[in-house]
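Structural overview
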Amino acid sequence: MEIINVVTAIASISGLGVVFGGFLGYASKIFAVEEDPKVGEIMGVLPGANCGGCGFPGCSGCATAIAEGKAPVNACPVGGAKVAAKVAAIMGVEAGSSEPQVAFVKCNGTCSNAKSKYKYEGISDCVFASQLANSGSKGCTYGCLGLGSCVKVCDFGALSIVDGVAVVDEEKCVACGKCVATCPKSLIELVPYAAPHKVQCNSKEFGKAVKEVCSAGCIGCKMCTRVCEADAITVENNIAKIDYSKCTGCGKCAEKCPAKIIL
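In what follows, the accompanying structure is described. It should be emphasised that the depicted structure is a prediction, and the values quoted were computed from it without experimental measurement.

Looking only at helices and strands, the protein chain has 10 helices and six strands in total. Across the 263 residues that make up the protein chain, the buried fraction comes to 37%. Across the protein chain, contacts joining residues at least 24 apart in sequence account for 56% of those joining residues at least 6 apart. Looking at the protein chain as shown, the accessible area adds up to about 14,900 Å², and 58% of this sits on carbon and sulfur atoms.

This is the structure we're talking about:
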């Protein structure tokens, strides 16, 4: 009798499993959301870095956005022009031109150029250190703290700390933008890879105040604006700024800059 009860129980459970399994299988077909086949095709040509540089949650998010027309075919900064061309072919559109970019650190406040207000011996993290007194130990409150938060988030080994300042290896940089988002001082920006000149300072102070804390800072003298015949460089908030769409690469701004902060 006991054996019959056990067999009956097993048969009942098995039967219920079959019924529920069939129901779930039917429901999965009824409520299934069809994925655009282009998503899979685009995923097949993306590099798979999942760096987030495109602004979407990983490569799958980027592929979905492109397929839905919510992102351009060149949305992937890691893949560059080659991947953009392949994605464009899948989408049936022209790839267009996309000027390569690279990260640039707007600071030359090395250990020899910049003064320190105090000796920092805490957590090796720029975001944390910037919350301390005077926005960190560096004399210039706008300068690179050199603790490597940008180095840690770079998946491509394109950043390193040299003499107290972050330095970008342009050949490794894919312009994903993670370092830009991480820097608490907003010192890193994406510039055209072929940019002939760059301003290596981010201080908003003027003249004497700059020189008191760093020998390699922009003093806002506007000499660069006076010699630029293309009107490509202006001084905003006491710092020189280059409009790369106008810059001809003549080099006069770098030549005449008394602080020598224009590369």
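Before going further, it helps to spend a moment on the pattern of salt bridges. All chains considered together, the criterion is met by six salt bridges. Between K106 and E189 there is a salt bridge whose closest N-O contact spans 3.9 Å. Highlighted residues: K106 in the loop between β1 (101–105) and α5 (126–129) and E189 in strand β4 (residues 188–192), separated in sequence by 83 residues. Given the relative accessible area of 29%, E189 is considered partly exposed.

A few words on helix α3 (residues 58–67). Three or four residues apart is the spacing at which side chains of an α-helix point the same way, because the helix has 3.6 residues per turn. Counting buried positions over the 10 residues of α3 gives eight, a clear majority of the element. Inspection of α3 places G58, C59, G61, C62, A63, A65, I66 and A67 among the buried residues, and these make up the whole buried set. Residues of α3 that are buried sit in contact with α2 (37–45) and α4 (80–91). Count one or two residues on from α3 and you reach G69, which has phi positive near 80°.

By the element assignment, A158 lies in the loop between α6 (149–153) and β2 (159–162). Linking A158 and A103, residues 55 residues apart in sequence, is a C-alpha distance of 9.1 Å. If sequence neighbours within four positions are ignored, A158 has contacts with V167, V168, D169, K172 and C173.

Looking now at the packing of α2 against α3. For the pair α2 and α3, interaxial distance at closest approach is 8 Å and the crossing angle is 130°. Put simply, α2 runs oblique to α3. For the pair α2 and α3, the crossing hand works out as right-handed. Every residue of α3 that contacts α2 at K38, V39, I42 and M43 is listed here: C59, S60, A63, T64, I66 and A67.

Once that is clear, we can look at the side chain of Q200. As for its position among the elements, Q200 is in the loop between β4 and α8 (208–213). The buried category is assigned to Q200, whose relative accessible area is 16%. Sequence-distant contacts of Q200, defined by excluding residues within four places in its chain, comprise F104, V105, K106, C107, N108, A216, I261 and L263.

So, on to the packing of α2 against α4. In contact at an axis separation of 9 Å, α2 and α4 are set at 165° when each is read in the N-to-C sense. In terms of orientation, α2 and α4 fall into the roughly antiparallel class. Two packed elements cross with a definite hand, and for α2 against α4 that hand is right-handed. Packed against α2, whose contacting residues are K38, E41, I42 and V45, the element α4 presents V83, K86, V87, I90 and M91 at the interface. For the contact of α2 with α4, a count of residues per class yields six nonpolar, no polar and three charged.

Below, the discussion takes up unusual backbone geometry. In this structure, D163 is a non-glycine residue whose phi angle is positive, near 55°. You can see D163 is positioned in the loop between β2 and β3 (165–168). Judged by relative accessible area, D163 falls into the partly exposed class, the value being 38%. For D231, which is not a glycine, the phi torsion comes out positive at approximately 55°. Of note, D231 is situated in the loop between α9 (223–227) and β5 (233–236).

Reading the values: the criteria
Residues numbered from 1 in each chain as written. Predicted model: local features only at pLDDT ≥ 70, side-chain atom pairs only at ≥ 80, totals over all residues. Heavy atoms only, no water. Helix = DSSP H or I, 4+ residues; strand = E, 2+ residues; numbered from the N terminus. Buried < 20%, exposed > 50% of the residue type's maximum accessible area, 1.4 Å probe, protein only. Contact = heavy atoms within 4.5 Å. Areas by Shrake-Rupley, 256 points an atom, 1.4 Å probe, with all protein chains shown as cover. Salt bridge = Lys/Arg side-chain N within 4 Å of Asp/Glu carboxyl O. Axes fitted to C-alpha atoms, helices over the stretch in contact; angles between N-to-C directions. Parallel < 35°, antiparallel > 145°, perpendicular 65-115°, else oblique. Left-handed = near helix turned anticlockwise from the far one by under 90°. Nonpolar A, V, L, I, M, F, W, Y, C, P; charged D, E, K, R; others polar.

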